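Chain by chain, the residues:
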Amino acid sequence: MRFWELSNKDVINCKNGHRLGCVGDLEIDVCKLCITDFYVPTGGKYCGCFGKKSEYKIPVGAVIRIGVDSILVDIDEKKCLVK
């Protein structure tokens, strides 16, 4: 799977059904040659323009399933939110 295919998928939290956004970036362990985390940016407070931007750092171990149009994860949103 290519990165642009991942970036077009919605990331959904299975704990509460919230849509977190789409994959914006990846963290890769170059020694092991594997993806360690997905980064999902959140919008600003108003229309994505105002307020501080933040993102979710989602470990690969929290991914339950990568489907055709979505990625299902099981995370505590407060713990994964990075400002």
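Residues numbered from 1 in each chain as written. Predicted model: local features only at pLDDT ≥ 70, side-chain atom pairs only at ≥ 80, totals over all residues. Heavy atoms only, no water.

Draft legend 1. Main features of the overall build of the chain. Along its length, the chain carries two helices and eight strands. Overall, the chain shows an N-to-C arrangement of helices and strands of α-β-β-β-β-β-β-β-α-β. Relative to all contacts within the chain whose residues are 6 or more apart in sequence, the contacts with residues 24 or more apart total 36%. Put simply, the chain shows about 5,900 Å² of open surface, and 55% of that area lies on carbon and sulfur atoms. (Helix = DSSP H or I, 4+ residues; strand = E, 2+ residues; numbered from the N terminus. Contact = heavy atoms within 4.5 Å. Areas by Shrake-Rupley, 256 points an atom, 1.4 Å probe, with all protein chains shown as cover.)

Draft legend 2. Region of interest: a nonpolar patch on the surface. Together, Ile28, Val30, Ile35 and Val60 make up an exposed nonpolar region whose accessible area comes to about 330 Å². Residue Val30 is classed as exposed on the basis of its relative accessible area of 65%. (Patch = residues over 30% accessible without salt bridge, like charges linked within 9 Å, V, L, I, M, F, W, Y side chains within 5 Å. Salt bridge = Lys/Arg side-chain N within 4 Å of Asp/Glu carboxyl O. Buried < 20%, exposed > 50% of the residue type's maximum accessible area, 1.4 Å probe, protein only.)

Draft legend 3. Region of the structure containing the confidence of the model for the chain. With 89% of its residues at a pLDDT of 70 or more, the chain shows a mean pLDDT of 90. When mean pLDDT is compared element by element in the chain, strand β7 (residues 70-73) scores highest at 97, while helix α1 (residues 3-7) scores lowest at 90. (pLDDT = per-residue confidence, 0-100.)

Draft legend 4. Up close: unusual backbone geometry. Backbone geometry at Leu33 places phi at a positive 55°, although glycine is not the residue there. Following the sequence through the fold, Leu33 ends up in the loop between β3 (25-29) and β4 (34-41). Classification of Leu33 as exposed rests on a relative accessible area of 73%.

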